[in-house]
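Close look at the chain arrangement
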Amino acid sequence: MNNKIILGHGSGGRMTRELVRDVFCRHLDEVGPESMDDGAVLEHAGGKLVFTTDSYVVSPLEFPGGDIGTLAVCGTVNDLAVMGARPLWLSLGVILEAGLELEVLERIVKSIAGKAREAGVKMVCGDTKVVEKGKGDGIFINTAGIGVLENPMQPETIEPGDQIIISGTVGDHGMALLTMRKGYPLKSNLQSDCAPLNHMISSLLAAVDVKWMRDPTRGGVATILNELSEGRSWGVLLEETDLPLSEAVSGVSELLGLDPLYSANEGKAVFVVPSGQAEKALKILKKSPYGHEATIIGSIVSDFPGKTVLHTQLETLRT
């Protein structure tokens, strides 16, 4: 690992994972995280809770499809939901930079309130700090969330033949922010896919034996599937021709030479389900406004143990 922090350590990919494992987990092993999941499962007298926290730093603060407030609520709600929990309560920590326009702040707070209502969660505590102009990026947000664990995941039951489903198109959020941030003069309708997925996921869990799920945020679909397959006796095989891509994401990816599988998503979830329940899962997901483009994108295979492999349109295999 590098002897200094670089931007890559915040990418959500391999460098982030190594940083958390080699620094934070190494020193906090007695009191800190026991796994690299999106949340911690906590025992209490009435059952089990899931607790998660996340910090949000994004530029620009407002973007097509959402803003940093939308991102904060949806990200935390989705982290709880993909752990099999019913999200209930969120906290809100805000660091404001002097000079931020109150009008911008009010729009962001309205977004937070609106998405919290949609998700059915309550913002129950918070904190506000202000830093000098030039020592922030307008606004930084931290949200923590608590939910009741109702459907624990069972990744140990995953086996060859299981199907991999994504709830919609790949890479929308990452591509939308990249083109805005870099100021590319592109004519496209790219926009973020920020959305709270807890209601959609709850409907799926009520009818299908979901073995594992994750929201592919930083690092994208490829990163979470690499984490899933790492060290396993089986592998993941994705079909490139089955990947759902919007025309805008497909065009920008081709133009800029980027892989949408590594682009962030903020309103999608990836599921592993038994092969016999995959079609049922698709029907349920498609009933949600956030799942109408749900697709089977691959399967668990006995080949390629410990790896995620892409079967490309050119009939080649790429890891």
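Given the structure is predicted, the values throughout are model-derived calculations rather than measurements.

**Quick look at the sheet that holds strand 1 (residues 40-44)**
An order of 1-2-7-5-6 is seen for the 5 strands of this open sheet, with the pairing classed as mixed. A strand with exactly one partner marks an edge of an open sheet, and here the two such strands are strand 1 and strand 6 (122-131). On average, each strand axis in the sheet is inclined to that of its neighbour by 20°, with strand direction left out of account. Bridge count between strand 5 (residues 85-97) and strand 6: 9 bridges; the pairing is parallel. Within the sheet, the bridge partner assigned to Ser91 lies in strand 6 and is Cys125. Running at roughly 10° to strand 7 (residues 139-149), helix 3 (residues 102-119) makes contact with strand 5, strand 6 and strand 7 of the sheet.

**What to know about empty space enclosed by the protein**
Considering all chains together, one arrives at 1 cavity of 30 Å³ or more under this definition. In this structure, the largest cavity occupies an estimated 120 Å³ of space. The wall of the largest cavity is formed by Ala222, Asn226, Leu238, Asp259, Leu261, Tyr262, Thr308, Val309, Leu310, Arg318 and Thr319. In terms of residue count, the dominant contributor to the lining of the largest cavity is strand 13 (residues 308-311) (3 residues). Residue composition of the lining of the largest cavity, grouped by class: 6 nonpolar, 3 polar and 2 charged.

**Quick notes on helix 8 (residues 278-286)**
Inspection of helix 8 places Ala278, Ala281, Leu282, Ile284 and Leu285 among the buried residues, and these make up the whole buried set. The arc enclosing the buried residues of helix 8, seen along the axis, measures out at 165°, which places them on a common side. For helix 8, exposure combined with an orientation more than 90 degrees from the buried face picks out Glu279 and Lys283. On its buried face, helix 8 is in contact with strand 8 (163-166), helix 5 (198-205), strand 11 (270-273) and strand 12 (295-301).

**A look at the side chain of Ser253**
Summarising the element assignment, Ser253 is placed in helix 7 (residues 247-256). Within the structure, Ser253 has its side chain in polar contact with the backbone oxygen of Val249 (distance 2.7 Å). Residues within four places of Ser253 in sequence aside, it is in contact with Met175, Leu258 and Pro260.

**So, the packing of helix 5 against helix 8**
The interhelical angle for the contact between helix 5 and helix 8, taken along N-to-C directions, is 145°, at an axis separation of 9 Å. In the crossing of helix 5 with helix 8, the sense of the turn from one axis to the other is right-handed. Touching Met200, Ser203 and Leu204 of helix 5 are Ala281, Ile284 and Leu285, all from helix 8. Taken together, the residues of the contact of helix 5 with helix 8 break down into 5 nonpolar, 1 polar and no charged.

**Description of the sheet that holds strand 13**
With mixed pairing, the 7 strands of this open sheet are ordered in space as 9-11-8-12-10-13-14. Edge positions in the sheet fall to strand 9 (212-214) and strand 14 (317-318), since each has one partner strand and no second. Of the strands in this sheet, strand 8, strand 11 and strand 12 touch helix 8, which is tilted by about 10° from strand 8.

**Remarks on the environment of Asn226**
Tracing the backbone through its elements, the reader meets Asn226 in helix 6 (residues 220-229). When neighbours within four sequence positions are excluded, Asn226 is seen to be in contact with Tyr262 and Thr308.

Cut-off values and rules
- Residues numbered from 1 in each chain as written.
- Predicted model: local features only at pLDDT ≥ 70, side-chain atom pairs only at ≥ 80, totals over all residues.
- Heavy atoms only, no water.
- Pairing = 2+ DSSP bridges.
- Helix = DSSP H or I, 4+ residues; strand = E, 2+ residues; numbered from the N terminus.
- Axes fitted to C-alpha atoms, helices over the stretch in contact; angles between N-to-C directions.
- Contact = heavy atoms within 4.5 Å.
- 1 Å grid on protein atoms, 1.4 Å probe; cavity = no way out; pocket = protein on both sides within 12 Å on 5 of 7 lines; lining within 4 Å.
- Points joined across faces, edges and corners; volume = space filled by probe spheres on them.
- Nonpolar A, V, L, I, M, F, W, Y, C, P; charged D, E, K, R; others polar.
- Buried < 20%, exposed > 50% of the residue type's maximum accessible area, 1.4 Å probe, protein only.
- Arc of directions from axis to C-beta.
- Polar contact = N/O pair within 3.5 Å; in protein donor to acceptor, adjacent residues only side chain to side chain.
- Left-handed = near helix turned anticlockwise from the far one by under 90°.

Any functional reading would require information that these geometric values do not contain.
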